[in-house]
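Notes for the structure review
One letter stands for each residue in the lines below.
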Amino acid sequence: MDKNILKAEIFNQLEMEDLLKKEESVRMTLLMNPNDIDMLSELAILLYHKGDYSSAIKIYKKVVDYKEDKAESFAFLGHLYYENEEYLKAIRYFEKALEIDKNYIEKKDIYFYLGQSYFRTENYSEAVNDYKNSLNLEKNDEKKAEIYYNIGMAYNKLGDNEQAVNYLTYVRQNYKNSPWSVKSSLYLLQQMQQYPQN
């Protein structure tokens with residue numbers, strides 16, 4: 001997910017030791033003022049970066065009611081549930097974020113993670129729809145390659161091998177230097193071996 005959603009750029013380069021020190025400092029501040037929304041939000045972000053998604057969810061759920069930017073808050077909560085592999089809850093919060101703000105700046109990321117969540121819950125038709133919505137907004141070529149690949153794999157799961165092959169061939173032809181091109185090539189090779197042309 002785009003780090004703008006997480007508002008966590010300052011933590012990107014921190015190592016675990018730095019995270020632990022920062023977490024200790026935030027928790028000390030919270031001892032004096034346990035309802036400090038900014039500190040609770042910061043603690044949730046720190047826990048996210050530590051990979052403690054369950055704790056981050058518990059804390060961030062307290063924060064959501066007090067945040068002005070509800071779309072961003074729901075998107076972050078959706079991402080926490082996604083990382084915690086609670087895909088149905090992730091879907092609910094991603095959809096809430098989109099309902100609140102149709103012009104949300106990071107909408108492409110929400111659609112991408114909705115697609116990922118639907119894929120993991122085996123709702124491949126919805127996954128395709130959300131991947132396509134994300135694709136229409138995405139500017140980054142590497143991310144586009146990943147989305148095209150994911151659409152192809154969702155079509156494969158739907159049993160539409162023609163569409164799967166079309167999307168994966170597109171990745172191979174248009175994103176040759178991408179790891180998604182390699183994955184697409186492997187899939188296509190497997191298809192050729194499984195269904196040889198006479």
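The sections below set out a description of the structure shown in this document. This structure is a prediction, so every number in the text was calculated from the model and none was measured.

Quick look at the overall build of the chain now. Tallying secondary structure elements over the chain gives 11 helices and 0 strands in all. Along the chain direction, N to C, the helices and strands of the chain fall in the order α-α-α-α-α-α-α-α-α-α-α. Taking the principal axes of the C-alpha coordinates as reference, the chain spans close to 75 × 35 × 25 Å. Out of the 198 residues in the chain, the part that is buried amounts to 46%. Contacts in the chain between residues far apart in sequence, at least 24 positions, make up 48% of those at least 6 positions apart. Carbon and sulfur atoms make up 45% of the accessible area of the chain, which amounts to about 11,200 Å² in all. Positive and negative side-chain charges in the chain, numbering 26 and 32 respectively, have mean positions lying 2 Å apart.

Let us look at helix H3 (residues 37-50). A rise of 1.5 Å per residue sets the reference length of H3, with its 14 residues, at 20 Å; its end C-alpha atoms lie 20 Å apart and thus fit the reference within 8%. Of all 14 residues in H3, 11 are buried, a share of seventy percent or more. Inspection of H3 places Ile37, Met39, Leu40, Ser41, Glu42, Leu43, Ala44, Ile45, Leu46, Leu47 and Tyr48 among the buried residues, and these make up the whole buried set. The N-cap of H3, judged by a side-chain oxygen 3.1 Å from the amide nitrogen of Asp38 a few residues on, is Asp36. Just downstream of H3, Gly51 is the residue with a positive phi angle, here 85 degrees.

Below, the discussion takes up the nonpolar core. Formed by 59 residues in total, the largest nonpolar core has its most connected members in Tyr60, Leu77, Leu80, Leu114 and Ile151. Residues contacting Ile151, with those up to four places away along its chain left out, are Val128, Tyr131, Lys132, Leu135 and Tyr167.

Put simply, H3 and helix H4 (residues 53-64) touch, their axes get as near as 8 Å, and they point 160 degrees apart. With respect to each other, H3 and H4 are oriented roughly antiparallel. Where H3 crosses over H4, the handedness of that crossing is left-handed. Between H3 and H4, the residues in contact are Ile37, Leu40, Ser41, Leu43, Ala44, Leu47 and Tyr48 and Tyr53, Ser55, Ala56, Ile59, Tyr60 and Val63, respectively. Each residue belonging to the contact of H3 with H4 can be placed in one class, and the counts come to 11 nonpolar, 2 polar and no charged.

A full pass over the atoms with the stated rule returns 8 salt bridges. Among the salt bridges present, the one from Lys108 reaches Glu138, with a minimum N-O distance of 3.9 Å. Pair noted here: Lys108 is in helix H7 (residues 107-120) and Glu138 is in the loop between helix H8 (124-137) and helix H9 (141-158), with a separation of 30 residues, a long-range link. Of the two residues examined, Lys108 and Glu138, each falls in the buried class. A salt bridge links Lys143 to Glu146; the shortest N-O distance between them is 3.3 Å. Taken together, the residues span about one helical turn, with Lys143 and Glu146 both in helix H9 at a distance of 3 residues. Overall, the relative accessible area of 15% leaves Glu146 in the buried class.

Cut-offs used in this document
Residues numbered from 1 in each chain as written. Predicted model: local features only at pLDDT ≥ 70, side-chain atom pairs only at ≥ 80, totals over all residues. Heavy atoms only, no water. Helix = DSSP H or I, 4+ residues; strand = E, 2+ residues; numbered from the N terminus. Buried < 20%, exposed > 50% of the residue type's maximum accessible area, 1.4 Å probe, protein only. Contact = heavy atoms within 4.5 Å. Areas by Shrake-Rupley, 256 points an atom, 1.4 Å probe, with all protein chains shown as cover. Lys, Arg positive; Asp, Glu negative; His and termini not counted. Charge placed at Lys NZ, Arg CZ, Asp CG, Glu CD. Expected span 1.5 Å × (residues − 1). Polar contact = N/O pair within 3.5 Å; in protein donor to acceptor, adjacent residues only side chain to side chain. Core = buried A, V, L, I, M, F, W, Y, C linked by side-chain atoms within 4.5 Å. Axes fitted to C-alpha atoms, helices over the stretch in contact; angles between N-to-C directions. Parallel < 35°, antiparallel > 145°, perpendicular 65-115°, else oblique. Left-handed = near helix turned anticlockwise from the far one by under 90°. Nonpolar A, V, L, I, M, F, W, Y, C, P; charged D, E, K, R; others polar. Salt bridge = Lys/Arg side-chain N within 4 Å of Asp/Glu carboxyl O.

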